[in-house]
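Architecture at a glance
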Amino acid sequence: MTETNFPKLEEAVLAFWRENQIFAKSDRKSAPKGEFVFYEGPPTANGKPAMHHVLARSFKDIFPRYKTMQGYHVTRKGGWDTHGLPVEIAVEKKLGVLGRKALNHQEIAEFTKQCREWVFANIEDWNYFTERMGMWLDLENAYVTYHNSYIESVWNLLKRMWDKGMVVQDYKVVPLSPRISTTLSQNEIADGYREVDDPSVYVRFPLKLETTPPAVREKLQAQGVRLEDLENLAILVWTTTPWTLPSNTMAAVNPAMDYAVVRSPSVGHLIFATEAVERLKELHKEELEVIAHLKGADLEWWEYTPPFPEVCVELGVVQQQGEKRPDGKPVMHFIALADFVSAEDGSGIAHEAPVYGAEDLELARQYGTPLLFGTNEYGLMQVTDERGKFFKDADKGLIRIMKERGVLYHAGQIRHRYPFHDRTGDPILYFAKPSWYIKTSNFRQALYDNNEKIHWIPEHIKHGRFGNWLKDNVDWAISRERYWGTPLPFWVSEDGSEYICVGSVRELSELVGRDLSDVDLHRPYVDEITFVKNGKTFRRVPEVLDVWFDSGAMPYAQWHLMVDQDGKPLPGFEANFELWRKHFPADYICEAIDQTRGWFYSLHAISTLLYDQPCFKNVICLGHLVDEKGHKMSKSKGNVVEPLPMFDKYGADAVRWYLFTGSEPGEQKRFSERLVQEAQRGFLGTLWNVYSFFVLYANLDRPNLNQRPAVQDRPEMDRWLVARQQQLIQQVTAALDAYDARGGGKALEQFVEELSNWYVRRNRRRFWKNDDTTDRESAYATLWEALVTVTQLAAPFTPFIAEALWQNLVRSIQPEAPESVHLSDWPQVNSDLIDSTLLTQMGAVVKVVGLARGARATSGIKTRIPLPRVLVTAPSEAELAGLRRFADEIAEELNVKQVEVLGLGEELLTYRVLPNLPLLGKKYGKRVPAIRAALAELDSQMVAQTLKAGRGLSLELEGERIVLEPAEVLLEALSPEGFAAQEEGGYMAALEVRLDEDLLLEGLSRDLIRLVQQARKDMGLNVSDRIRLTYQADGKYAQSLAKFGSRLQEETLALSLEPGEPAGFITELSDEEGSVKFGLSKA
RNA sequence: GGGCGGUUAGCUCAGCUGGUUAGAGCGCACGCCUGAUAAGCGUGAGGUCGGUGGUUCAAGUCCACUACCGCCCA
């Protein structure tokens, strides 16, 4: 065996690539098919590379390698995502600036400096890891999102959107830590949930009868209820946050739900969800009588008096309570419809204070209602007698006021989970803050239509996770009150009346009146840049950009694209423009499934808004890696599998192979070391074995592989392998064209399995003892071609082993061949060589041999002992022809003297008669069971004769006669009596188990051959060394030697075989058949 | 609470538009082979296809409900 230490082999290949700059050369490989565009979704280099990065990078690597071999050029520009919260949090921890409300200039400078350093904390690990796993990526020219050039391109994109009116300022509900008014991230909140008791209050909102919707009037009338008779009619609204009630602008009902008009002895008439009636009875301990039913949808626009009507005037939002809009609709304080309202808790009518909830704010947008800020952003009440109190402390007082006003129906408590801020201990305040938005919702249709043009893997993401998300698209909030990010290029005048969006450094320089080319565009430096225009001083807005915009901008910013409103390059940026144009849109991108709302979306949104086209044509959306038990890998659980030890132990190829073929790419994958080991032993091991076999004998025989016999002159067995190999090229090419790595891998695996266990196994002798030179040369040629083809086809999957094989198989004998397998051209299918008849026939042979081996096993007679006869059959005429054609192969493989191929209707065979259900079901439907029963009754020989003659089968069915077409009946051969047989699906092999003296002696001779061969090996002889044999034998062994001695000599390369006292190396055997003792000496 | 995906042998996974006895690899047990040999091959055991109900001549596959796991969102 040659080198089998895969990790060591991989290191050698890496050295080879490095020394000979193979990656750089692949960049210059001729590319008649043009550019295949790949985008690297930028990882962050502050963390360590983990196994899921191997997954993504493997899939990112395989298709560019494939396309390069196919004759495309692939630019593999790396990239790093460098801004954002994770970096800031890490640095905050380090610097200890926790929960500070605002940093001063000096502090920001220190902070962003630290961020910049921290970003590449693990860059060395990343560079090493990427190379080691065999991913070719240009890391030297990687784009970096914090570079000034990158930021400038992002500004350019924003400016174009700004000029098109796509950028607006609006409110966004964010989680705040009150008192310090710091925006928190989801992660910071996730840990802070606590069980707490909060108020649960039911409040009456009296309805204004003059605004009753017509649908309500009609329905009440139909149910015999007069509106005027309803006393104190009010909706019953539920909330757990009384402090938000002063900010109430709407009450929401679910349009699909049932609502009841209920009479309460204590307060008059109430409307709330029918589902809640029983609960309220229980809760408030009073008898409630349902007198009418309404649908939620009926109630829209019905106006009510809120519990704190004075607030809206007090805040100056309207002139007077109950004000109308120009179209006659109320400005606020009416019933709105919302799908999110449920009746599982409360009354089924939700109180809407849009300032304090994201869904509520969205509803306010839909209905165009203004906002009432009952608190400020520090959580202090701004209105009512509770003014100045911390919001949670205002509940009691507000409840008292409502009681006095007679609108409180019921006040209780509820235990639920509510988030708190760890560091301050305060409850989280969800609060609407002004924020910058991109109006993506205006492009909902375009976003959706462009998505139709994308090929998603897996398919369901397209209309599922991603499509649904686009359908419900809301505006993209792009501003963050942070420090380390692309600063928003918006400058606002001191009076707040005018905004200027800056689209380039040059533009900013002109506004300021000095050259800013060397200024760091980050905070705090950019904050110092002010200018005067129209007599007003402009300062930058404080926010930075959402990092997802950074990453979504990479198609443009990685080339420092700078264009004007018409998309034409700005002066001096013509070359950048050409680079961009050559690389837009992407043919292929790949990331894990969590990117649907991250990178996939940001790419798609930006390209749709600015170019109205998708940004990528094909996308593989990977499932997550979990541990052996299906749990998420996390450091705290200690179940993380590190990639580098896997590479060191099994090699990167093994890991890659497992990731490609282990399961569908979109599925969640359970990862374990064992599976990598399996991949190594399976595909890689088998391939390597075949290769070793080839090398072992090729080194002895030195066949001339540069002058190979024509395919048509080769034996059938070789032509079969050639056909199979062409079929493989077809399969792998089709699979990779469809971005189906798994399909391609499975085809390769299947081929290598057949190559090893059928072709090599069957043809071994042609390599090691074959005086027929033509035949030997043919075998070498055929096996060599198959290995070379597999090497090339496997190159994108397992680049290391493929390279090693290429160097040894091809480069060693063809110095003019491409220097690396990755610089070679993808194999082309020669369909003339796909002999499908031959493939079908050989398929039947393999099948039947498999069955016969099973039969051998059950018979208990070792393969070594020849048997006189095997009967075989197959379900189709084409396959029977194959069995006849390859009868010799079958005989040899099974060690039987005679192969008898049985056709349809022969006497030795009996059959199982089966209905062809797919055909019969369509034709006869309900009568299928009866037909089935009738068929079972028939004599199978008769049926076989009938079908053999090509006649239909006539059946008596409940007095009716029907005739089944031959194709509607299936026959499966059964094992005949008295044979060791196996059958399956119409294939059958039956061994005649009859031992005679001759066959036994022949079988024993094989034992003797094996004995001598083992001795040769123990002596340390070469396979080609000649020997001399002396022996003593008795019993059956003596007979066997007498009869088959010459064969023994032949097989063991013995020049002589003499009876007498054994001399030299001694080996012996003794059992019930007799005994034998050999002496071997080297000739 | 909503959306999407998953649940098939001890493990990792296939099962196309419904159709005959639900497959593969690994592991396990037993055996074979012995000039690919610290390899190779075969056979066997092992399955209520998460559960319930429905549609159908026929359901792992279609429909409804449901349980559990995962991801995203709220």
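Before going into details, it helps to say that this report is about the structure given with it. (Residues numbered from 1 in each chain as written. Chains lettered and ligands numbered in written order. Predicted model: local features only at pLDDT ≥ 70, side-chain atom pairs only at ≥ 80, totals over all residues. Heavy atoms only, no water.)

1. Regarding the nonpolar core
- Within the largest apolar cluster, 146 residues are counted, with the highest numbers of intra-cluster contacts made by Phe-59, Phe-694, Leu-748, Leu-783 and Leu-883.
- If you tally residues by element for this core, the top one is helix 23 (residues 673-701), at 13 residues.
- The contact partners of Phe-694, leaving out residues within four places of it in the chain, are Leu-705, Tyr-780, Leu-783, Trp-784, Leu-787 and Leu-809.
- Of all hydrophobic cores here, the second largest spans 77 residues; its members include Leu-220, Ala-234, Ala-260 and Leu-299. (Core = buried A, V, L, I, M, F, W, Y, C linked by side-chain atoms within 4.5 Å. Buried < 20%, exposed > 50% of the residue type's maximum accessible area, 1.4 Å probe, protein only. Helix = DSSP H or I, 4+ residues; strand = E, 2+ residues; numbered from the N terminus. Contact = heavy atoms within 4.5 Å.)

2. Here's the deal with the environment of Phe-683
- Structurally, Phe-683 can be placed in helix 23.
- By relative accessible area, which is 2% here, Phe-683 ends up buried.
- Along the chain, Phe-683 and Arg-540 lie 143 residues apart, while their C-alpha atoms are 60 Å from each other.
- The residues contacting Phe-683, other than those within four sequence positions of it, are Trp-657, Leu-748, Glu-749, Val-752 and Ala-794.

3. Quick look at helix 16 (residues 505-512)
- Of the positions making up helix 16, those classed as buried are Val-505, Leu-508 and Ser-509. One face of helix 16 carries all of its buried residues, which in axial projection span an arc of 105 degrees. Opposite the buried face of helix 16, by more than 90 degrees, sit the exposed residues Arg-506 and Glu-510.
- Here the buried face of helix 16 lies against helix 7 (148-163), strand 20 (490-493) and strand 22 (531-533).
- In the segment just after helix 16, Gly-513 is the residue with positive phi, at about 90 degrees. (Arc of directions from axis to C-beta.)

4. Some remarks on the protein's contact with RNA strand B
- Close contacts around RNA strand B come from 57 residues, with Arg-465, Arg-742, Arg-912, Leu-970 and Gln-1013 the closest.
- The sugar and phosphate moieties of RNA strand B supply 64% of its atoms located within 4 Å of the protein.
- A distance of 3.5 Å separates a phosphate oxygen of RNA strand B from a polar backbone atom of Glu-664.
- At 2.9 Å, a side-chain N or O of Glu-678 approaches a sugar or linking oxygen of RNA strand B.
- It is helix 23 that provides the largest number of residues to the surface near RNA strand B, a total of eight residues. (Near = heavy atom within 4 Å. Polar contact = N/O pair within 3.5 Å; in protein donor to acceptor, adjacent residues only side chain to side chain.)

5. Thoughts on the environment of Asp-27
- The topology assignment puts Asp-27 in helix 2 (residues 22-28).
- Overall, Asp-27 belongs to the partly exposed group, its relative accessible area being 39%.
- Expressed as a C-alpha distance, the spacing of Asp-27 and Arg-76, which sit 49 residues apart in the sequence, is 8.8 Å.
- Other than its neighbours up to four places away in sequence, Asp-27 contacts His-73 and Val-74.
- Of the polar contacts made by the side chain of Asp-27, one reaches the side chain of His-73; its length is 2.7 Å.

6. With respect to the sheet that holds strand 29 (residues 867-873)
- Ordered in space as 30-29-36-35, the four strands form an open sheet in which the pairing is mixed. Either end of the sheet is taken by a strand with one partner, and the two such strands are strand 30 (896-901) and strand 35 (980-984). Pairs of neighbouring strands in the sheet enclose a mean axial angle of 15 degrees, with direction left out of account.
- Bridging between strand 35 and strand 36 (residues 987-992) involves five bridges; their strand directions are antiparallel. Residue pairing across strands places Ala-981 opposite Ala-990, the latter belonging to strand 36. (Pairing = 2+ DSSP bridges. Axes fitted to C-alpha atoms, helices over the stretch in contact; angles between N-to-C directions.)

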